[in-house]
Amino acid sequence: MRILITGAGGQIGHDLIGALVAEGHELVSTDLAPRPPSHAHAGGDWQRLDVTDAAAVQHLFTECRPELVFHLAAILSASGEANPRLAYDVNQTGTWNVLEACRRARVNRLMFTSSIAVFGPPPSGPLPDPAPDDSPLHPGTMYGVTKVAGELLCAYYRKRYDIDCRGVRFPGLISAAMPGGGSSDYALFMYVDGVRKNGYEAFARADTRIPLMYMPDGVRALLELAMADRSKLTRTIYNIAAFSPRADEIATSVGRLLPDAKFTYKPDTIRQGILDSWPKAIDDAAARRDWGWKERFDLDGMTDDLVPRIRRMLELGAILSSH
Ligand SMILES: NC(=O)c1ccc[n+]([C@@H]2O[C@H](COP(=O)([O-])OP(=O)(O)OC[C@H]3O[C@@H](n4cnc5c(N)ncnc54)[C@H](O)[C@@H]3O)[C@@H](O)[C@H]2O)c1
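Thresholds applied
- Residues numbered from 1 in each chain as written.
- Predicted model: local features only at pLDDT ≥ 70, side-chain atom pairs only at ≥ 80, totals over all residues.
- Heavy atoms only, no water.
- Axes fitted to C-alpha atoms, helices over the stretch in contact; angles between N-to-C directions.
- Helix = DSSP H or I, 4+ residues; strand = E, 2+ residues; numbered from the N terminus.
- Parallel < 35°, antiparallel > 145°, perpendicular 65-115°, else oblique.
- Contact = heavy atoms within 4.5 Å.
- Nonpolar A, V, L, I, M, F, W, Y, C, P; charged D, E, K, R; others polar.
- Near = heavy atom within 4 Å.
- Polar contact = N/O pair within 3.5 Å; in protein donor to acceptor, adjacent residues only side chain to side chain.
- Areas by Shrake-Rupley, 256 points an atom, 1.4 Å probe, with all protein chains shown as cover.
- Buried < 20%, exposed > 50% of the residue type's maximum accessible area, 1.4 Å probe, protein only.
- Right-handed = clockwise from strand over helix to strand, strands pointing away.
- Pairing = 2+ DSSP bridges.

Re the packing of helix α4 (residues 84-104) against helix α5 (residues 142-161)
Okay, step 1: Look at α4 against α5: their axes get within 9 Å of each other, and the N-to-C directions meet at 10°. Between α4 and α5, the angle is such that the two are roughly parallel. Along its contact with α4, which presents Pro84, Ala87, Tyr88, Asn91, Gln92, Thr95, Trp96, Leu99, Glu100 and Arg103, the element α5 presents Met142, Tyr143, Thr146, Ala149, Gly150, Leu153, Cys154, Tyr157 and Tyr161.
Okay, step 2: Counted by class, the contact of α4 with α5 contains 12 nonpolar, 5 polar and 2 charged residues.

This is how it looks when you write it as structure tokens:
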């Protein structure tokens, strides 16, 4: 299948490109940035594309005529709070541009990557735990606001123009790559700094609990939903879940493999505020029912797979030492 990815240079793009190339798809990876060194192995074509540039998006989509687009380009939650205007431009206008280009270039299917950041505490009281798909959405960040709008735009283009838009609300994703400025980054740094520095001071409280997922499961979810039989789908956007550990439970899991690692907690006001506004767990019954979603990794399973990978990547110098 001819597939185009926006924002391919990031954390998800890295693993998604590998999975799509392995399946033999014809791939055009695009990003604002040049192909990063961490993606050097990735096959397929690489083109510069700024999703805020409507004419450029339109031109490339018309030229490539992809059958399927994975729209990943975004400014994530913590970076978006530092620069809400940029988050609005990339996430809101960018998604509009991508949908319009899909309509005009007659792209058949679009995969949208939403987030648990669409949730936030409703004025009437706390979020249900776990939060169902159809919870009222009261995001507290510009990132969440733009993801809610993106979900609604996807549903609109599906209904109005019959573009087969589908999407998942990802939990915080963990992989052996430097994360891109999300509020769940403390979880990955427990692994990376646990290995390279023998410990980590988390920017979150020990009792912080949010939904997380290991990247191989996240990429598989994207592929499975993208290829699912349309007649089985009852929604445009699906909650997907794997596990919801407290920060200190992650530390305990990492400690099984790195017994000398020390973890401490010093909450950062802004990022802790974002984490506290998110659901502690989400209900993904519809994804399980409609397209057979099921995670393969629990917390300890992820830890057992991830720690040796991070060790190897640090030895190869593939994880940057900045932080
Ligand atoms: N990683 C997570 O934990 C997570 C969780 C929920 C949802 N998501 C969503 O999944 C998608 C991919 O996330 P990620 O973790 O790979 O993010 P990332 O920050 O690692 O990558 C995003 C990519 O978008 C690119 N980009 C930024 N502005 C752009 C522009 N104007 N035009 C084109 N590209 C631009 C960046 O260069 C970067 O390579 C995003 O839509 C994100 O909201 C991610």
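Let's talk about the site of the ligand
Okay, step 1: Surrounding the ligand, one finds 26 residues, the nearest of these being Ile12, Asp31, Tyr143, Lys147 and Leu173.
Okay, step 2: Note that an oxygen atom of the ligand is positioned 3.2 Å from one of the backbone N or O atoms of Gly10.
Okay, step 3: Between the ligand and the protein, one listed contact pairs a nitrogen atom with a backbone N or O atom of Val51 at 3.0 Å.
Okay, step 4: Taking 830 Å² as the accessible area of the ligand by itself, protein coverage stands at 90%.
Okay, step 5: Elements supplying a minimum of two residues to the shell around the ligand: α1 (11-22), β5 (109-115), α5 and β7 (172-174).
Okay, step 6: The element contributing the most residues to the shell around the ligand is β5, with 3 residues.

Points about the pairing of strand β2 (residues 26-31)
Okay, step 1: For β2, a buried count of 5 out of 6 residues is recorded, marking the element as mostly surrounded by other parts of the structure.
Okay, step 2: Taking the sense of rotation as the criterion, the β-α-β connection linking strand β1 (residues 2-6), α1 and β2 turns out right-handed.
Okay, step 3: Here β2 pairs with strand β3 (residues 45-48) via 4 bridges, running parallel. Bridging across to β3, Ser29 finds its partner in Trp46.

Describing the environment of Gly255
Okay, step 1: Along the chain, the position of Gly255 falls in helix α8 (residues 247-257).
Okay, step 2: C-alpha of Gly255 to C-alpha of Arg312: the two residues are 57 residues apart in sequence and 18 Å apart in space.

Looking at the pairing of strand β6 (residues 164-170)
Side-chain positions along a regular strand alternate between the two faces of the sheet.
Okay, step 1: For β6, the buried fraction is high: 7 of the 7 residues fall into the buried class.
Okay, step 2: Residues of β6 alternate between two faces, with Asp164, Arg166, Val168 and Phe170 on one and Cys165, Gly167 and Arg169 on the opposite face, all of them buried.
Okay, step 3: Examined bridge by bridge, β5 and β6 share 7 bridges and lie parallel to one another. Bridging from a neighbouring strand, Ser114 pairs with Arg169 of β6.
Okay, step 4: Note on the crossover from β5 through α5 to β6: the handedness is right-handed.

By themselves, these figures tell us nothing about what the structure is for.
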